[in-house]
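One letter stands for each residue in the lines below.
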Amino acid sequence: MMEDDAVLLVASTAPDEATARRIAQALVERRLAACVNVGAPVWSVYRWQGAIEQAQEFPLWIKTTAARRQALMQALAELHPYDVPEALALPAVDGLPAYLEWVRQEVKE
C-alpha cells in the first residue's frame, strides 16, 4: 500500500487548450494539484465505441499525493468534457527532496 504522502504524477489529456487551462486552474485552486503542466498538442489514436478515432489533444501532467488522488480523480471526472477522461496515476519513485516536499505542502488539506 502506498503512503499518503507519496507523490504521484497523474497523466490526462484535454480536447483543446482552453479546456486544459480551465482544468489545470481548477485543480490547483482546489489544492488537489501542486502543479499542472499543459503540454503542446499531440495526436491521439484510439478505439472508441468500436471505431478507430484520431484527435488532437493537450496533455496534462498533474502533480499530487496519494492522499489527494481520489479527490483529484473525482474532480477531473467532474471538470472534464469527455465521458471517459484519461487519468493514470504513476508513482514518483524519486525526485529532488525539496520539490517532493513542495508538492506535499501545496496539496495539504
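Please read these numbers as outputs of a predicted model, since none were measured by experiment. (Residues numbered from 1 in each chain as written. Predicted model: local features only at pLDDT ≥ 70, side-chain atom pairs only at ≥ 80, totals over all residues. Heavy atoms only, no water.)

A. Seen up close, the overall build of the chain. Looking only at helices and strands, the chain has three helices and five strands in total. In the chain, the succession of helices and strands from N to C terminus is β-α-β-β-β-α-β-α. The C-alpha radius of gyration computed for the chain amounts to 14 Å, which stays within 12% of the reference 13 Å derived for 109 residues, consistent with globular compactness. Burial status across the chain gives 38% buried among its 109 residues. Residue pairs in contact within the chain that sit at least 24 positions apart in sequence constitute 73% of those at least 6 positions apart. Counting only carbon and sulfur atoms, one obtains 54% of the accessible surface of the chain, whose full area is about 6800 Å². (Helix = DSSP H or I, 4+ residues; strand = E, 2+ residues; numbered from the N terminus. Rg over C-alpha atoms; globule rule 2.2 N^0.38 Å. Buried < 20%, exposed > 50% of the residue type's maximum accessible area, 1.4 Å probe, protein only. Contact = heavy atoms within 4.5 Å. Areas by Shrake-Rupley, 256 points an atom, 1.4 Å probe, with all protein chains shown as cover.)

B. The packing of helix α1 (residues 17-29) against helix α2 (residues 66-79), seen in detail. As a packed pair, α1 and α2 sit with axes 11 Å apart at the nearest point and diverge in direction by 145°. Regarding α1 and α2, the two cross each other, and that crossing is right-handed. Contacts from R22, I23, A26 and L27 in α1 reach L72, A75, L76 and L79 in α2. The residue makeup of the contact of α1 with α2, split by class, is seven nonpolar, no polar and one charged. (Axes fitted to C-alpha atoms, helices over the stretch in contact; angles between N-to-C directions. Left-handed = near helix turned anticlockwise from the far one by under 90°. Nonpolar A, V, L, I, M, F, W, Y, C, P; charged D, E, K, R; others polar.)

C. Broad picture of the nonpolar core. Counting 18 residues, the largest nonpolar core has L27, V36, L60, I62 and L72 as the members making the most contacts within it. Those elements giving two or more residues to this core turn out to be β1 (7-14), α1, β4 (51-65) and α2. Setting aside its immediate chain neighbours within four residues, L27 contacts L32, A33, V36, I62, L72, A75 and L79. In this structure, V7, A34, L100 and V107 belong to the second largest nonpolar core, which totals five residues. (Core = buried A, V, L, I, M, F, W, Y, C linked by side-chain atoms within 4.5 Å.)

D. Main features of the pattern of salt bridges. One pass over the structure, following the stated rule, counts five salt bridges. With a closest N to O distance of 3.8 Å, D5 and R104 form a salt bridge. With D5 in the segment before β1 and R104 in helix α3 (residues 97-106), the pair connects residues that are 99 residues apart, well separated along the chain. The salt bridge involving E109 is made with R68; its shortest N-O contact spans 3.3 Å. Taken together, the positions of E109 in the segment after α3 and R68 in helix α2 put the pair 41 residues apart, joining distant regions of the chain. When its relative accessible area of 9% is taken as the criterion, R68 is described as buried. Here the salt bridges share partners, and the residues they tie into one network are D5, E101 and R104. (Salt bridge = Lys/Arg side-chain N within 4 Å of Asp/Glu carboxyl O.)

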